[in-house]
Structures are given as structure tokens and as C-alpha cells.
Amino acid sequence: MRRAAGSCAALCDSRGHAAEGEGGRQTGTMTQEPKQEAKKVFIKSYGCQMNVYDAHRMADVLAPEGFAETSAMEDADLVVLNTCHIREKAAEKVYSELGRVRAVKRERAAEGRDVQVVVAGCVAQAEGGEILRRNAGVDLVVGPQSYHRLPTLLAEARRTPGVVDTDFPAETKFDALPAASGERTLARGVSAFLTVQEGCDKFCTFCVVPYTRGAEASRPVGAIVAEAQRLAAAGVRELTLLGQNVNAYHGEAEEGGAASLAGLLRRLARIPGIERLRYTTSHPRDMAGPDGAWELVAAHRDIPELMPYLHLPVQSGSDAILEAMNRKHGRDEYLRIIDRVRAARPDIALSSDFIVGFPGESDVDFAGTMRLIEEVGFASSFSFKYSPRPGTPASELDGQVPEDVKSERLAALQALLDSQTKAFNAATLGRTVDVLLEKPGRHPGQLGGKSPYLQAVHIEDPAARVGDIVPVTITSLGSNSLAGVRAGTGYKASA
Ligand code: SAM
Ligand code: SF4
């Protein structure tokens with residue numbers, strides 16, 4: 001179960017395409033003309049922000065083939081389910097959705113229209129051909145490393161339905177992906193995701209990522225800067241750098257050698273138009289950097305564009321459980337990192353992921369997690385019941401925790417996290433914070449955006465526009481967002 005216990009941007013996102021939760025060859029050109037009459041693609045994304053980014057890039061690959069995005073599956077000529085395998089529930093959702101897709105495909109076939117169905121993402125990678133055996137209506141199964149080959153694979157599946165591509169190809173997909181048009185980029189919002197690193201070599205015993213996303217790999221700084229410049233030119237003002245282990249980033253620097261995440265952030269902060277930078281998800285072991293210089297922590301002190309927010313999953317507050325999880329750090333090490341980060345940036349908002357009911361977790365272990373939460377004080381968090389995943393070492397451990405115990409622990413943990421989120425938000429009351437306005441609100445004249453601490457904030461201001469960064473005095477607290485009034489006239493207008 002995935003649950004946001006706070007105002008943190010949900011791991012699920014609906015910008016530009018349906019989402020649920022849980023360049024060409026970089027040519028430098030902004031647009032590529034469709035080759036043929038417009039067809040429609042419906043892309044539904046499950047799970048993390050990396051899937052949201054991947055879904056956008058799939059739409060970019062399909063645009064030159066004549067596909068326009070639709071938010072209605074019934075209108076689509078092509079349905080793509082971009083799946084998540086992290087927990088059992090996330091994977092199950094795909095199979096129930098495939099039932100609905102099959103019904104739509106049948107109805108369209110009765111009208112003489114062909115609908116192609118693609119299962120992409122981590123379930124595709126993990127289950128491959130099994131998906132075809134369980135679902136006759138699926139035309140193509142494509143893993144996360146191969147989606148740049150979608151046009152070729154779709155053509156192949158048109159000739160012979162039932163194509164599976166779950167390879168880890170030698171060429172990187174990023175080199176082969178076309179750039180989105182400026183228009184499409186801006187339609188996705190003024191805050192954009194940018195994947196800088198993929199895969200993971202950490203092998204936490206509960207996690208499927210090293211198997212579904214492969215070994216850790218970082219994109220070169222030059223390619224990331226080029227993509228960020230295109231996003232900025234289209235009107236994007238905030239970048240969230242993504243990676244399964246983003247602070248292990250070590251891509252090729254522009255001047256040669258390897259760059260750190262801190263170096264990359266410094267470089268991106270120089271791009272005109274980019275006013276805000278964020279990154280997620282980090283691993284505690286990589287906070288010190290390869291040279292132990294704590295450059296990333298210093299970046300939070302020194303780079304004004306880097307927002308005061310850190311998502312640093314700890315999973316558990318028990319040393320025994322952390323060891324069984326193969327997290328390669330203990331609770332004290334985590335707490336010392338938090339002290340360092342707070343010393344560098346005292347107002348930083350902290351967020352984490354927690355797993356309850358990992359095999360062997362006793363009441364004492366769980367109490368340790370609750371104590372750690374009390375010691376740190378989180379602004380927001382994500383918390384889950386442990387879900388045994390086939391093929392992972394933890395799924396075979398003795399001491400699997402009964403479901404009712406997991407539920408009880410999760411409820412207690414989420415109550416504590418919720419109270420911390422409320423306290424964090426309450427402390428913002430009366431303060432003035434800069435808000436990046438991201439979209440119109442529900443009422444006329446209302447706009448919604450994010451504070452530096454990733455809190456959702458609404459203001460009523462007919463003069464303001466999406467993309468403006470305005471100082472807002474917080475006047476009231478809602479259950480999921482804050483409301484405020486514009487403070488003075490100072491603001492950074494959108495371009
Ligand atoms: N790389 C990040 C880290 O090291 O913490 C986490 C990335 S993982 C995609 C996102 C979160 O899903 C994890 O932090 C963990 O809390 C949760 N998760 C992963 N596998 C899980 C499992 N088998 N059961 C429950 N939650 C799980
Ligand atoms: Fe999964 Fe994160 Fe552990 Fe990698 S570091 S195995 S992505 S939980």
C-alpha cells in the first residue's frame with residue numbers, strides 16, 4: 001500500500017496523461033512533424049515519478065508517428081499501460097485494468113477499428129511473455145529500457161501480435177528519444193521531471209528495482225543540460241531530477257571525468273529560466289558522496305535554486321531490520337546525516353519512506369521506527385506494508401508478519417506521520433513563502449502551486465499567472481493544502 005502521509009507531491013502524477021497511484025536522437029530541434037494523419041494514444045501510468053517521465057517520453061516517441069495523446073481510453077487507437085511492480089497491489093491493478101482494455105478493444109473491433117494494446121514498464125520487465133499468456137488482447141510487452149523502440153515494435157506487433165521486448169539494449173534509450181515540442185512540454189506544466197540516473201546496484205532485500213530497472217547508470221551532464229535548456233525555453237521553471245538512487249549520480253562531466261549530483265545541480269542552476277531545483281529519491285549511504293566530502297549537503301546551503309526539501313528514505317528505525325533489509329546503514333548513521341543536513345539548511349523539510357511488517361519485525365523493532373520518527377520530525381512521508389515480491393531475498397525469509405499486525409502498525413505509524421505533517425504545516429501559518437504557481441484552482445481567479453517545502457498552496461489573485469513565483473502569506477490550513485494571500489508586489493513573473 002502506498003500512501004502519502006502529507007502534502008508531499010504524490011508519487012503519482014497526472015500531468016499530461018492519465019496516471020495512477022501507486023531528444024530525436026537529441027537533434028536540438030523542438031518539434032518533429034507527424035508523418036501521417038493523427039491517431040490517438042492513451043497512456044496510463046502507475047507508480048513512481050520515473051514512470052510519469054517515461055510516459056511523457058513514450059508520447060514524444062509516438063508523436064512523430066502521428067499519435068496525439070488522449071485522456072479517454074475509448075477514443076484511443078493505441079493503449080499503453082505503463083506499469084509498476086514495486087508492490088503486489090500495484091502489479092495486480094494492471095491485470096484488472098487489462099480486463100477493461102480488452103472490453104474496449106472488442107467494442108472497437110466490432111466497429112471495424114483496430115486498437116493496439118501495450119504493457120510497458122516494470123511489470124512488463126518482470127513478467128514478460130507471461131502477460132501475453134494471461135491476456136490474449138495484449139499486442140506488445142515492452143520493458144523500461146526499450147520504449148525508444150516503440151514505433152518499430154508496434155509495426156512488428158501489427159504484423160504478428162504478441163511481441164515481447166524486455167532486453168537491456170546496449171544503446172541507451174535517452175540517446176534515441178526525440179525532444180517534445182515546446183507546446184507539449186508546457187502543456188505538461190511549469191514543473192518538470194528529468195530523469196538523470198536509472199537502475200540500482202544496492203539490492204535491498206525487499207526490492208524489485210535492481211531486477212526491473214537494471215544496473216545503475218547515469219546520463220552525461222551535457223545531455224541533461226541540453227534537455228533542461230529545452231524545458232526552460234518552453235517555460236518550465238522547476239526541475240525535479242529523478243533517479244532510483246539519484247544521489248549516486250556520477251554522469252560524465254562536460255569537462256570530462258565524473259560529475260556528482262551536487263555538481264550537476266550547480267550547473268543546472270545556471271540555466272536562465274530554471275528557478276527551482278529538486279531531486280528524488282536519495283539513499284542515505286550516498287549522502288556523503290564518493291569522497292566523503294558531503295558536497296550535496298553543502299549544496300543545500302549554497303545553491304539558492306535548490307529547494308529546502310529532502311526525501312531520504314530510512315524504511316525502518318531498527319538496526320536489526322535495516323541489516324536484514326541490506327540497507328547498509330544503521331539508525332544512528334541516518335540520524336547523524338539528518339543533523340548534518342539540518343546544520344547546513346535549518347529550515348529543510350524532511351520526508352521519508354517506511355516499510356512496516358518486514359519479515360522478522362518485532363514489536364520492539366517497530367517501536368524503534370516510531371521513536372526514530374519522533375526524533376526526526378518529518379514534513380511528509382510515504383509508508384507501506386511490506387509486500388513480498390517474487391524473486392527477492394526477503395520474500396523467502398522466515399518470520400513473515402501477519403497481515404493484521406502489518407495493518408495495525410501501519411495505522412499507528414501513519415497517525416504519527418500525519419500529526420507531524422499537520423504540525424509542520426501549522427508552523428507555516430503567518431509566514432510568507434515563495435509559491436510557484438502551477439495550475440488554475442477550482443474557483444475562478446484561484447491558482448494552485450507549491451511552496452519551497454513542497455506544500456500545496458492556493459491563492460486568489462486574478463493578476464497572477466501560471467509560472468509566476470509569488471510571495472504568499474499563509475493564512476489558513478486545509479486538510480491537503482494551505483491557502484494564502486499575495487504579500488506585496490515582488491514576484492518573478494513567468495517569461
Ligand atoms: N531507492 C529508494 C530508496 O532506497 O529508498 C526507494 C525507491 S522504491 C522505488 C520506493 C519505495 O517503495 C521504497 O523506499 C520502499 O519504501 C517501497 N518499497 C519497495 N519495495 C517494497 C516492498 N517489497 N514492499 C513494500 N514497500 C516497498
Ligand atoms: Fe530498491 Fe532503493 Fe534499495 Fe535500490 S536502494 S534496491 S531502488 S529500495
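In this section: the overall build of the chain. The secondary structure content of the chain amounts to 15 helices and 20 strands. Taking 23 Å as the expected radius of gyration for a compact globule of 495 residues, we find that the chain reaches 22 Å, a close match to that expectation. Across its three principal directions, the C-alpha atoms of the chain cover 60 × 60 × 50 Å. Within the span of the chain, comprising 495 residues, buried residues form 57% of the whole.

If you check helix α2 (residues 88-110), its first and last C-alpha atoms are 34 Å apart, about what 23 residues at 1.5 Å a residue would give, namely 33 Å. All buried positions along α2 are accounted for by A90, A91, V94, Y95, E97, L98, V101, V104, K105 and R108. Looking at the buried residues of α2, the elements they touch are β2 (39-46), β4 (78-83), β5 (116-120), α3 (121-127) and α4 (129-134). Note on α2: the residue one or two positions beyond its end, G112, has a positive phi of about 85 degrees.

The next subject is the nonpolar core. By size, the foremost hydrophobic cluster in this structure holds 57 residues, and its most contacted members are L239, L241, Y279 and M287. When sequence neighbours within four positions are dropped, the list of residues in contact with Y279 reads T240, L241, V246, L261, L265, M287, L296, H300, L306 and L310. With 27 residues, the next largest nonpolar core counts V80, V118, Y147 and F193 among its residues.

As a further point, take the site of ligand 1. Surveying the vicinity of ligand 1 reveals 19 residues, the closest of which are Q244, Q315, R327, D353 and S387. In this structure, S387 approaches ligand 1 through a main-chain N or O atom, which is 2.8 Å from a nitrogen atom. Coverage of ligand 1 by the protein chains reaches 93% of its 570 Å² of free accessible surface. Of all the secondary structure elements, the ones that give two or more residues to the shell around ligand 1 are β14 (349-356) and β15 (380-385). Of the residues in the shell around ligand 1, the class split is seven nonpolar, six polar and six charged.

Let's shift gears to the sheet that holds strand β11 (residues 238-242). Strand pairing in a sheet relies on backbone hydrogen bonds, with the paired strands running either antiparallel or parallel. An order of β8-β11-β12 is seen for the three strands of this open sheet, with the pairing classed as parallel. Bordering the open sheet on either side are β8 (191-195) and β12 (276-280), each of which pairs with just one other strand. The sheet shows a mean angle of 25 degrees between the axes of neighbouring strands, taken without regard to direction. Across five bridges, the pairing between β11 and β12 is parallel. Looking at the pairing, L242 lines up with T280 of β12.

Right, let's get into the site of ligand 2. Around ligand 2, the surrounding shell consists of C200, K202, F203, C204, F206, C207, V209, P210, N245, H283 and R327. Of the residues assigned to the shell around ligand 2, the class counts are seven nonpolar, two polar and two charged.

What the rule picks out here adds up to 34 salt bridges. The residue D54 makes a salt bridge to R213 at a minimum N-O spacing of 2.9 Å. In this pair, D54 sits in helix α1 (residues 49-62) while R213 sits in the loop between α8 (209-212) and β10 (217-218), placing the two residues 159 residues apart along the sequence. One salt bridge in this structure joins K202 and D286, with 2.7 Å as the shortest N-O distance.

Right, let's talk about the sheet that holds β15 for a bit. Across the sheet, which stays open at both edges, the three strands sit in the order β13-β14-β15 with parallel pairing between neighbours. On the outer flanks of this sheet lie β13 (309-311) and β15, each paired with one strand and no other. Strand-to-strand twist in this sheet, taken as the mean axis angle between neighbours without regard to direction, amounts to 10 degrees. Bridge count between β13 and β14: three bridges; the pairing is parallel. For L310, the partnering residue across the bridge sits in β14 and is L350.

For the rest of this paragraph, the subject is the environment of R108. Within the element layout of this structure, R108 appears in helix α2. Taking the C-alpha atoms as reference points, R108 and S218, 110 residues apart in sequence, are found 42 Å from one another. Not counting residues up to four positions away in its chain, the partners in contact with R108 are E74, R113 and V115.

The rules we used
- Residues numbered from 1 in each chain as written.
- Chains lettered and ligands numbered in written order.
- Predicted model: local features only at pLDDT ≥ 70, side-chain atom pairs only at ≥ 80, totals over all residues.
- Heavy atoms only, no water.
- Helix = DSSP H or I, 4+ residues; strand = E, 2+ residues; numbered from the N terminus.
- Rg over C-alpha atoms; globule rule 2.2 N^0.38 Å.
- Buried < 20%, exposed > 50% of the residue type's maximum accessible area, 1.4 Å probe, protein only.
- Expected span 1.5 Å × (residues − 1).
- Contact = heavy atoms within 4.5 Å.
- Core = buried A, V, L, I, M, F, W, Y, C linked by side-chain atoms within 4.5 Å.
- Near = heavy atom within 4 Å.
- Polar contact = N/O pair within 3.5 Å; in protein donor to acceptor, adjacent residues only side chain to side chain.
- Areas by Shrake-Rupley, 256 points an atom, 1.4 Å probe, with all protein chains shown as cover.
- Nonpolar A, V, L, I, M, F, W, Y, C, P; charged D, E, K, R; others polar.
- Pairing = 2+ DSSP bridges.
- Axes fitted to C-alpha atoms, helices over the stretch in contact; angles between N-to-C directions.
- Salt bridge = Lys/Arg side-chain N within 4 Å of Asp/Glu carboxyl O.

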